[in-house]
Amino acid sequence: MIAIAILAAGRGTRMKSDLPKVLHELGGRTLVERVLQSCQEIEISRRLVIVGYRSELVKESLIEAQEKTKDREFPPLEFVEQTEQLGTGHAIQQLLPHLEGFQGDLLVLNGDVPLLRAETIKQLMAVHKQHQNSATILTANLPDPQGYGRVFTDSQNLVQQIIEDRDCTQAQKQNHRINAGIYCFHWPDLEKILPDLKADNDQKEYYLTDTVSSLSPVMAVDVEDYQEILGINDRKHLATTSDILQTRIKDKWLRAGVTLIDPHSITIDDTVELQADVVIEPQTHLRGKTSIASRSRIGPGSLIENSQIGENVTVLYSVISDSIVAENSRIGPYAHLRGHAQIGANCRVGNFVELKNAQIGDRTNIAHLSYLGDATLGEKVNIGAGTITANYDGKNKHKTQIGSGTKIGSNSVLVAPITLGENVTVAAGSVVTEEVPNDCLVIARSRQVVKPGWKLKEPEK
Ligand code: UD1
Ligand code: CA
């Protein structure tokens, strides 16, 4: 039986932020969500998260994230409060009443080590089991070990001591083998010695790492790729890990048949799904639950978040959020789709067009300078340049409906709530305020007046 505990109670002072450190985002997920994700492939019987600094925020965020991923088959999250953050050892002490009588292993993960691979955790657990260790800890040889606890082992690879960077002598600092902050403990052994931790160190904190000196055997397992275990203590670390994560994500999509033009200028969250033969052009950012189907070309200069893009779509210098675009449609340049816009197949939406909560039928064109909000358009509609739906009366939003085959002349205002039938033609410059039936022409503007020979009067002297 395995329980996991994630350390997520600290503020993360070095981040210089109001937000708890573990809630900072990396590639579309919070740090702590990533840590939780890294243990999704092992069989777990309990999931404990130790929270403290702004604990309500951390809980809410994890519960929300969990609902999105629908990982229902996992045991529920149990939140354990550490009201004062007196160190990682003190944090684990808070588990004592919760894990009383538990006979299995406890996998402990720092909430600020977000790039850990599921494979690595599996390896750690395998070694732990094979050797029946009292504790097994993940270690790495870092080129720059500054800031990490150093791990001292004997010739058998058994851990004798972990000393925090700030407590190390100059000689001890020469040891580049570091503690990754990922441990597997045989809980009944840890339970016995946990209450005896002392805070006799530079920070006057109770260190979880001090437990290794009282347990035996404690084995170290080196991680193959040290990039996995980089811990995040400040913004510089966050930026470094973000680069590493982006490289991982882009490598994956390149191998899967996606073209990335100038990859360094592109960012892709790892919640994004791409099909083979998608082309991503420079300066493009794909975020959240976004999917893009085959043969679509996105960018340059586009931002797409939480949206579904069908096959063979082009998106040029545009912003699309929470929206859907069906196959063969052309979006941009300079379009903004938001608030559940839904674009049919073979449409054109371009040149300074904003669509909000608008459902657009197949083969409809909205090519220039328009705002359509809370609107439903049929098929083969043509919206002339400068058409606006006046959907807001200062208090409420109202709907506009436009039937298939209708053509709206340039610079028209459709004052919602309003319905226009099928195959209607609206004359340019109209302000349409009343319902329009099918098959007609509507002119809603004053007629042009021409006065022959008319001149301005000469001013009297
Ligand atoms: C810790 C380890 C260090 C290791 C490094 C790896 C200790 C004493 N040191 O140092 O050996 O090399 O991680 O990244 O464990 N936390 C709590 N409650 C607390 C204090 C911390 O929940 O009272 C949480 C933090 O939110 C964080 C994690 O524990 O997620 C690690 O804390 P942090 O202060 O970053 O430890 P490090 O100094 O990095
Ligand atoms: Ca840390």
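Residues numbered from 1 in each chain as written. Chains lettered and ligands numbered in written order. Predicted model: local features only at pLDDT ≥ 70, side-chain atom pairs only at ≥ 80, totals over all residues. Heavy atoms only, no water.

Q: Give a detailed account of the environment of Gly-101, specifying residues and quantitative values.
A: Residue position: Gly-101 is located in the loop between helix 3 (88-93) and strand 6 (105-110). Judged by relative accessible area, Gly-101 falls into the exposed class, the value being 51%. Linking Gly-101 and Pro-188, residues 87 residues apart in sequence, is a C-alpha distance of 7.8 Å. (Helix = DSSP H or I, 4+ residues; strand = E, 2+ residues; numbered from the N terminus. Buried < 20%, exposed > 50% of the residue type's maximum accessible area, 1.4 Å probe, protein only.)

Q: Run through the sheet that holds strand 27 (residues 348-349), naming residues and quoting values.
A: With parallel pairing, eleven strands are arranged side by side in an open sheet as 12-15-18-21-24-27-29-31-34-37-39. Where the open sheet ends on each side, the last strands, each with one partner, are strand 12 (259-260) and strand 39 (441-442). Bridge count for strand 18 (residues 297-298) against strand 21 (residues 314-315) is two bridges, and the pairing is parallel. Pairing of Ile-298 across the sheet is with Val-315, part of strand 21. (Pairing = 2+ DSSP bridges.)

Q: Tell me about the domain arrangement of the chain, and please be specific about residues and values.
A: When cut into domains, the chain gives domain 1 (2-234) and domain 2 (236-442). The gap between the C-alpha centroids of domain 1 and domain 2 is 44 Å. Tallying the contact residues gives 18 residues for domain 1 and eleven residues for domain 2. Roughly 1,400 Å² is buried in total at the junction of domain 1 and domain 2, and carbon and sulfur atoms are behind 60% of that figure. Seen at the junction of domain 1 and domain 2, the total is two salt bridges. Note that Asp-270 is salt-bridged to Arg-29, the shortest N-O span being 3.2 Å. Counting only elements with at least two residues in the side of domain 1 that touches domain 2, the list comes to strand 2 (25-26) and helix 1 (31-38). (Domains from an automatic or database assignment. Contact = heavy atoms within 4.5 Å. Buried area = accessible area lost by both parts, 1.4 Å probe. Salt bridge = Lys/Arg side-chain N within 4 Å of Asp/Glu carboxyl O.)

Q: Which residues make up the packing of aromatic side chains, and what are the values?
A: Following the criterion strictly, the structure yields three aromatic pairs and no others. Measuring from centroid to centroid gives 5.6 Å for Tyr-183 and Phe-185, while their planes differ by 20°, and the two rings are stacked. For Phe-185, a relative accessible area of 0% translates into the label buried. One aromatic cluster is present, formed by Tyr-317, Tyr-334 and Phe-352 through successive ring pairs. (Phe/Tyr/Trp six-rings, centres within 6.5 Å; stacked < 30°, edge-to-face > 60°.)

Q: Explain the coordination of the calcium ion (ligand 2) residue by residue, including any values.
A: Metal coordination angles in their ideal form are 109.5 degrees for the four-donor tetrahedron and 90 or 180 degrees for the six-donor octahedron. Taken together, the protein ligands of the calcium ion (ligand 2) are Asp-112 (OD) and Asn-233 (OD1), with distances of 2.3 to 2.4 Å. Highlighted residues: Asp-112 in the loop between strand 6 and helix 4 (118-130) and Asn-233 in the loop between strand 11 (218-222) and helix 6 (235-255), separated in sequence by 121 residues. Here Asp-112 and Asn-233 have matching classes, each one buried. (Donors = N, O, S within 2.8 Å, 3.2 Å for Na, K, Ca; no water.)

Q: Can you break down the site of ligand 1 residue by residue, with the values?
A: The environment of ligand 1 is made up of 24 residues, and the closest members are Gln-82, Gly-87, Thr-88, Glu-164 and Asn-179. A distance of 2.9 Å is found between an oxygen atom of ligand 1 and a backbone nitrogen or oxygen belonging to Ala-9. In the environment of ligand 1, an oxygen atom lies 2.7 Å from a nitrogen or oxygen atom belonging to the side chain of Thr-88. Summarising the interface, the protein chains cover 92% of the accessible area of ligand 1, which totals 760 Å² for the free molecule. No other element matches the three residues that strand 10 (residues 177-186) contributes to the shell around ligand 1. Of the residues belonging to the shell around ligand 1, the class tally is nine nonpolar, eleven polar and four charged. (Near = heavy atom within 4 Å. Polar contact = N/O pair within 3.5 Å; in protein donor to acceptor, adjacent residues only side chain to side chain. Areas by Shrake-Rupley, 256 points an atom, 1.4 Å probe, with all protein chains shown as cover. Nonpolar A, V, L, I, M, F, W, Y, C, P; charged D, E, K, R; others polar.)

Q: With reference to specific residues and values, describe the pairing of strand 7 (residues 135-141).
A: Taking burial as the measure, the seven residues of strand 7 include six buried ones, the bulk of the element. Bridge analysis of strand 7 against strand 10 gives six bridges, and the strand direction is antiparallel. Residue pairing across strands places Ala-135 opposite Phe-185, the latter belonging to strand 10. Relative to strand 11, strand 7 is paired through five bridges, and the arrangement is parallel. Following the sheet pairing, Thr-139 is matched in strand 11 by Asp-222.

Q: Any details on helix 2 (residues 55-69)? Residues and values, ideally.
A: Residues three or four positions apart in an α-helix share a direction because the helix packs 3.6 residues into each turn. Between its first and last C-alpha, helix 2 extends 21 Å over 15 residues, near the 21 Å set by a 1.5 Å rise per residue. The complete set of buried residues in helix 2 reads Ser-55, Val-58, Lys-59, Ser-61, Leu-62, Ala-65 and Gln-66. Looking straight down helix 2, one finds that the buried residues subtend no more than 165° of arc, so they occupy a single side. Exposed residues lying more than 90 degrees from the buried face of helix 2 are Glu-56, Glu-60 and Lys-68. Against the buried residues of helix 2 lie strand 3 (29-30), helix 1, strand 4 (46-51) and strand 5 (77-81). (Expected span 1.5 Å × (residues − 1). Arc of directions from axis to C-beta.)

Q: Help me get a handle on the pattern of salt bridges, residues and values and all.
A: For the structure shown, the criterion picks out 18 salt bridges. One salt bridge in this structure joins Glu-41 and Lys-122, with 3.1 Å as the shortest N-O distance. Taken together, the residues Glu-41 in the loop between helix 1 and strand 4 and Lys-122 in helix 4 connect sequence positions 81 residues apart. Judged by relative accessible area, which is 52%, Glu-41 ranks as exposed. The partly exposed category is assigned to Lys-122, whose relative accessible area is 31%. Between Asp-222 and Arg-177 there is a salt bridge, with its nearest N and O atoms 3.2 Å apart. Taken together, the residues span a long stretch of sequence, with Asp-222 in strand 11 and Arg-177 in strand 10 at a distance of 45 residues. Each of the salt bridges in this network shares a partner with another, and the network as a whole consists of Arg-29, Glu-33, Arg-34 and Asp-270.

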